Amino acid sequence: MTSPPSKNIWIRRQQCPCGDWKCYVTYEGDSEETSSITSQLVKNDSAGSEAMVSPYVGMVFKSDDDAFEYYGNFARKNGFSIRKERSRLSPQLGIYKRDFVCYRSGFAPVKKKPTGEHHRDRKSVRCGCDAKMYLSKEVVDGVSQWFVVQFSNVHNHELLEDDQVRLLPAYRKIHEADQERILLLSKAGFPIHRIVKVLELEKGIQGGQLPFLERDVRNFVQNRKKVVQENDALLTEKRENDTLELLEACKGTKEADEDFVYDFTVDENDKVEHIAWSYGDSVHAYTMFGDAVYFDTSYQSITYGVLFGAWLGIDNHGRTIFFGCVLLQDETPRSFSWALQTFVRFMRGRCPQTILTDLDPGLRDAIRSELPGTKHVVSIWNILPKVSSWFSVSLGSRCAEFKSEFDVLYRVESTEDFELQWNQMISMFGLTTDKHIALLYSFRASWALSYMKGYFLACMATTTYSKSVDAFLKGVFSAQTCLRSFFEQVGISANFQNQARQEMQYMHIKTCIPIEEHVRSILTPFAFNALQHELVLTMQYAVSEMSNGSYLVRHFKEIDGERLVIWIPEEEQIHCSCKEFESSGLLCRHSLRVFVVKNYFQLPDKYYLNRWRKESSLDFYDDHITRTSDDEWFQDYHCLNETLFTESSITKERADYVRRELTTQLTRILNEVRNMPECEGVAMDLTFSPTG
């Protein structure tokens, strides 16, 4: 009995969210690296073929297998294939004669048809071709060698072009790696045509360019049916055992770390169904950065038949942080609902303001049910990769034009204009009844900017963040042999993401506006750079005050539509129609322009969100200082943070000074804390180890 594959294989979900099981999704750019490698191999193969010498009488090979391989490569380059015709055997030399011939050599034997039975007449490809290479073995100085004794490359039939010769049976081989993949996909329930498409996607090649045909895959699966059944039984047992091991790993981690949290469900057969877990640092990070969460559900394990979901966020330095993850047995709204309930429970009952997900109707329904107060967003970078897969066939050469129109529509300002231009677009491209267009329209409130304006996204709906998430997932999905090793890898990746400290960055001033200096003293480099970019652009905008005290802000070249900025002086509140602050937590160029006009030297404190401040990272990552109920020394600590770290961001000399001063001042504060009276009979044990 063949043992089941041991490698835990993860792939991106191929099932299209439109609901049609025959419809699959290919993702642009997923196979760039594979495609590059494949292209290089083809290039190398071509180079080798061009340099190949035609066989000749007297040519020597070390073995008959080497000779057959060489002749086969020559045949493929010249548009035909070969087969082994005859061999001769002697007691002294063993096999000493080999005849290799063109695949169309000889004639097919005439078969008698039994009376009363219907047989399909299939024309034979054999036509008596005389192309051949005969070999003879000789022993020279005790070493066996094979010599070409006859060779002919004269054919009595048409030779095939490159795109045809690869379809000959001799070259349609399914290699072992592909065999394993096909069996795994077949056991996972993939139909044959989808197995072929998955292989094409993974290899980064166009449709129909595999070295074998769809019927070869079908024949292979049918011929291996018994093996498939045996492997399936072993794989089912492996899945159950490995799932129990994963559960034991969760229990063991909980015993070692009481802050670790996990939960699971069992099915009607008392088998483990879903498992979710998170870490103490992740829960702690969520208290500061859990306002916006990305729930990635794009990968599933073929080996274990489970969907991997990861809750991720973004910290004040713009880095991806890990909040928790889940393994689900299926993709139903019920399973997604359990996952969301569990996540909120892990995070102590606090729901995010916004949740970003992939385009998934079942997940959308679960969010509506479990997180009714949370805004649901489908980032445009989760939609655009699917567009070519959806419309390249139906639109053909117009697909690029459609993408351009879709991008314009995505950025439309008002919902009224969106609805009007949407109808015009689908009419222009003849997509009125298209199922994917209907799917996109049903999700419009989650991806179109005109509907999402004001949703808090914390700078997560960007290409930069998307690449950061992909890098995190690649670290998680490195090759593992079982679920337990996967669990360990998740822990390693999560710990690396959540505990990484930000390198010191010097934030250079670009304008003479006093606001910029003040911003630099408060925000992290990531947030400062974003706000600085907006501040630099304020120079290009003109301000017109209206009779009601509001302002119209326009670009001097009118490349940006005018924005309405409402200023409420008694409350120091500002509101811009672009709603950038509501989206990112950082003021826009239009609001900043009004502040400059109003002669503000620093922004009101309310416009520095805690999630973007420098001290928020110190609170989260500094594990040398423990809070007490006394606020006096803690306030001193915060003042010290703000003053010293502002100084350290300006020059290296100041950074060196700050490092020395920080050690001195923190030591003083900790000594004061140690001398405080015991609280409820419990003395505080605080230590501080300065680092150079």
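Anyway, here's the lowdown on the structure attached to this text. These numbers were taken from a predicted model, which means no experiment stands behind them.

A word on the packing of helix α5 (residues 192-203) against helix α6 (residues 214-223)
For the pair α5 and α6, interaxial distance at closest approach is 9 Å and the crossing angle is 115°. Viewed along their axes, α5 and α6 form a crossing whose handedness is right-handed. Taken together, the residues of α6 that come into contact with α5 (itself represented by Ile192, His193, Ile195 and Val196) are Glu214, Val217, Arg218 and Val221. Each residue belonging to the contact of α5 with α6 can be placed in one class, and the counts come to 5 nonpolar, 1 polar and 2 charged.

Examining empty space enclosed by the protein
Following the criterion strictly, the structure yields 2 cavities of 30 Å³ or more and no others. By volume, the largest cavity is sized at about 40 Å³. In this structure, the largest cavity is lined by Thr243, Leu246, Glu273, Ile275, Val306, Leu327, Gln329 and Leu483. Of all the secondary-structure elements, those providing two or more residues to the lining of the largest cavity are α7 (225-256) and β8 (272-278). In terms of residue class, the lining of the largest cavity is built from 5 nonpolar, 2 polar and 1 charged.

Concerning the pairing of strand β16 (residues 563-568)
Burial along β16 is one-sided: the face carrying Arg563, Val565 and Trp567 is buried and the face carrying Leu564, Ile566 and Ile568 is not. Where strand β15 (residues 551-555) and β16 come together, 3 bridges link them in antiparallel fashion. By the bridge assignment, Tyr551 is partnered in β16 with Val565. In the sheet, β16 pairs with strand β17 (residues 573-576) via 4 bridges, with the strands oriented antiparallel. Considered in β17, the bridge of Ile566 is made with His575. Linkage of β16 to β17, two consecutive antiparallel strands, is achieved through a turn of 4 residues, within which Glu572 is found at a positive phi near 50°.

Digging into the environment of Leu168
By secondary structure assignment, the location of Leu168 is in the loop between α3 (162-165) and α4 (176-187). A relative accessible area of 9% places Leu168 in the buried class. Separated by 88 residues in sequence, Leu168 and Phe80 have C-alpha atoms that sit 8.0 Å apart.

With respect to the sheet that holds strand β6 (residues 143-152)
The strands making up a sheet associate through backbone hydrogen bonding, with each pair oriented either parallel or antiparallel. The antiparallel open sheet is built from 5 strands, whose spatial order is β2-β6-β5-β4-β3. Looking at strand neighbours, the two that pair on one side only are β2 (60-61) and β3 (82-90), the edges of this open sheet. Bridge analysis of strand β5 (residues 132-140) against β6 gives 9 bridges, and the strand direction is antiparallel. Across the sheet, Lys132 pairs through a bridge with Ser152, a residue of β6. The strands touched by helix α2 (residues 64-77) are β2, β3, β4 (94-102), β5 and β6; relative to β3, the strand with the most contacts, the crossing angle is about 160°.

Digging into the sheet that holds β15
Here 4 strands make up an open sheet; going across it, the order is β14-β15-β16-β17 and the pairing antiparallel. What marks the edges here is a single partner per strand, and that holds for β14 (541-545) and β17. Each neighbouring strand pair of the sheet contributes to a mean axis angle of 25°, computed without reference to strand direction.

What about unusual backbone geometry?
Not every positive phi belongs to a glycine, and Asp270 is a case in point at roughly 65°. Within the secondary structure, Asp270 is located in the loop between β7 (261-266) and β8.

Here we look at the pattern of salt bridges
Between side chains of opposite charge, a pair can form as their charged atoms come close. Within this structure, the stated rule accounts for 27 salt bridges. Linking Lys251 and Glu248 is a salt bridge whose minimum nitrogen-to-oxygen distance equals 3.7 Å. Of this pair, Lys251 and Glu248 both sit in helix α7, 3 residues apart, roughly one helical turn. With a closest N to O distance of 2.8 Å, Glu517 and Arg520 form a salt bridge. In this pair, Glu517 and Arg520 are both assigned in helix α19 (residues 514-522), 3 residues apart and thus about one turn of the helix distant. A relative accessible area of 42% means that Glu517 is categorised as partly exposed. Salt bridges linked by common partners bring Arg13, Glu331 and Asp360 together as one network.

Overview of the packing of aromatic side chains
Under the counting rule described, the total for this entry stands at 40 aromatic pairs. On the numbers, 6.3 Å between centres and 70° between planes, the contact of Tyr71 with Phe80 is edge-to-face. For Tyr71, a relative accessible area of 0% puts it in the buried group. Among the residues examined, Phe80 registers a relative accessible area of 0% and is labelled buried. Taken together, a centroid distance of 6.1 Å and an interplanar angle of 25° make the contact between Phe402 and Phe406 stacked. Remark: Phe406 and Phe402 occur in helix α12 (residues 399-410); sequence separation between them is 4 residues, near one turn of the helix. Like Phe402, the residue Phe406 is buried in the burial classification. Joined through ring pairs, the aromatic side chains of Trp390, Phe391, Phe402, Phe406, Phe418, Trp422, Phe429, Tyr441, Trp447 and Tyr451 make up one cluster. We note Arg611 situated over the ring of Trp612; from NZ or CZ to the ring centre the distance is 4.6 Å.

How each quantity is defined
Residues numbered from 1 in each chain as written. Predicted model: local features only at pLDDT ≥ 70, side-chain atom pairs only at ≥ 80, totals over all residues. Heavy atoms only, no water. Axes fitted to C-alpha atoms, helices over the stretch in contact; angles between N-to-C directions. Helix = DSSP H or I, 4+ residues; strand = E, 2+ residues; numbered from the N terminus. Left-handed = near helix turned anticlockwise from the far one by under 90°. Contact = heavy atoms within 4.5 Å. Nonpolar A, V, L, I, M, F, W, Y, C, P; charged D, E, K, R; others polar. 1 Å grid on protein atoms, 1.4 Å probe; cavity = no way out; pocket = protein on both sides within 12 Å on 5 of 7 lines; lining within 4 Å. Points joined across faces, edges and corners; volume = space filled by probe spheres on them. Buried < 20%, exposed > 50% of the residue type's maximum accessible area, 1.4 Å probe, protein only. Pairing = 2+ DSSP bridges. Salt bridge = Lys/Arg side-chain N within 4 Å of Asp/Glu carboxyl O. Phe/Tyr/Trp six-rings, centres within 6.5 Å; stacked < 30°, edge-to-face > 60°. Lys NZ or Arg CZ within 6 Å of the ring centre and 35° of its normal.

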